[in-house]
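# Results of the structural survey
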Amino acid sequence: MKRIVCLLLSVLLILSVVSVAAAESPKAKEAYEIAFSLKTVTNDAFQQAIAAAVESECVAAGAKFTLVTAGTETGVATQVTQLEDLITKGVDALIVNPMDANAVIPALQKAKEKGIPVILVDSTIEAGHEDLYITYVGTDNFAAAKLGAETLSTALGGAGKVLLVRGANGNSVGNARADGFKAGLAAGVALVGEQPGDWNNDTAKQVTENMLQANPDVTGIMSCSDVMVDGILQAIDDAGLTGIKIMSFDGDSIPLIKEGLVLGTMAQFPGKMGQIAVDTLISVLNGDAAADSFAKYLDSGTACYTADNLPQ
């Protein structure tokens, strides 16, 4: 219950911040329909926060907001089908959080052919297809995970063994975070196991259990998302282990940091992602800015939170 309350408070805070910022945002000249496609908002505070931010910004701009979700953390085929349906329907613009870097490309190609502008948030697509979207708004996941690894390495005294619980295979965000984490580990810290947790607590628990059985002497674990931390903590508890330091990603583990269960989390700013995405689309739809006038990547920022610098 404590976790649920904290997640709801986080979403409300983001909405309040976005509503203030929206006063300076562009207004829609027509009642454009902007559709947002993402994986799921069930038990995922970060996805909930992005959806809330996009909706709030659309309403403030005078645009119609439509949300479609794949329903699961790995429902790639469902997302593709939903995108194709939205394109056939003829929505005015799309905001997409791609679940797979390659699978959505044919659908985005159809959107381009129909003249439907697209903005990517949180996750991007395979390099070489930059012509399919206006810009990608998100965290520099590689750099943020690298900083998380450096923070964990320092906490471990520059030595020890660690595990990595990745996201879903094929997801650009999970891959970037995994690569950044490996790049940031100190020379004396060995990565002795890594498995995909599929952005899911049950899967994360299972793979962590397997890796702990093979490596019971690990001193640190990196989770590529806060949505998998509860499963990791349960696996550690079931194994009867203590003292393992956990670094995570998204910014939703602050209550667990306060309890001393998690070392730190790389916080993202979904409210800023949503605002930038909608403002950019409105500017393009209004004809106030050309689609090719925007940089192909807009960094929405990140911050490393530990017990030493938690936000008030």
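Please refer to the structure higher up on the page.
Residues numbered from 1 in each chain as written. Predicted model: local features only at pLDDT ≥ 70, side-chain atom pairs only at ≥ 80, totals over all residues. Heavy atoms only, no water.

This part is about the environment of Leu164. With respect to the secondary-structure elements, Leu164 resides in strand β6 (residues 160-166). In this structure, the C-alpha to C-alpha distance between Leu164 and Ser37, residues 127 residues apart in sequence, is 28 Å. Those residues in contact with Leu164 that lie beyond four places of it in its chain are Ala178, Phe181, Lys182, Leu191, Gly193, Glu194, Gln195, Met211, Met222 and Cys224. (Helix = DSSP H or I, 4+ residues; strand = E, 2+ residues; numbered from the N terminus. Contact = heavy atoms within 4.5 Å.)

Before going further, it helps to spend a moment on the pattern of salt bridges. A complete count under the given rule lists 12 salt bridges for this structure. Salt-bridge contacts for Lys89 lead to Glu33; the nearest nitrogen and oxygen are separated by 2.8 Å. Remark: Glu33 occurs in strand β1 (residues 33-38) and Lys89 occurs in helix α3 (residues 76-89); sequence separation between them is 56 residues. On the accessibility criterion, Glu33 (10% relative accessible area) is buried. In this structure, Glu84 and Lys110 form a salt bridge, with 3.3 Å as the shortest nitrogen-oxygen distance. Of the two residues, Glu84 is situated in helix α3 and Lys110 in helix α4 (residues 105-113); the sequence distance between them amounts to 26 residues. Residue class for Glu84 comes out partly exposed when judged on its relative accessible area of 27%. Through salt bridges with shared partners, a single ionic network connects Arg166, Lys182 and Glu194. (Salt bridge = Lys/Arg side-chain N within 4 Å of Asp/Glu carboxyl O. Buried < 20%, exposed > 50% of the residue type's maximum accessible area, 1.4 Å probe, protein only.)

A few words on unusual backbone geometry. Look at Asp198: it is not a glycine, yet its phi comes out positive at around 60 degrees. For Asp198, a relative accessible area of 25% corresponds to the partly exposed category.

Attention shifts here to the sheet that holds strand β9 (residues 245-250). What the six strands build is an open sheet, ordered β7-β6-β8-β9-β10-β12; its pairing is mixed. Edge strands, defined here as strands with exactly one partner in the open sheet, are β7 (189-196) and β12 (302-306). Between one strand and the next, the sheet's axes are offset by a mean angle of 15 degrees, whatever the strand orientation. Of the pairings in the sheet, the one linking strand β10 (residues 264-268) to β12 comprises five bridges and is antiparallel in character. Pairing of Gly264 across the sheet is with Thr306, part of β12. Contacting β6, β7, β8 (220-223), β9, β10 and β12, helix α5 (residues 141-155) runs over the sheet at an angle of about 160 degrees to β9. (Pairing = 2+ DSSP bridges. Axes fitted to C-alpha atoms, helices over the stretch in contact; angles between N-to-C directions.)

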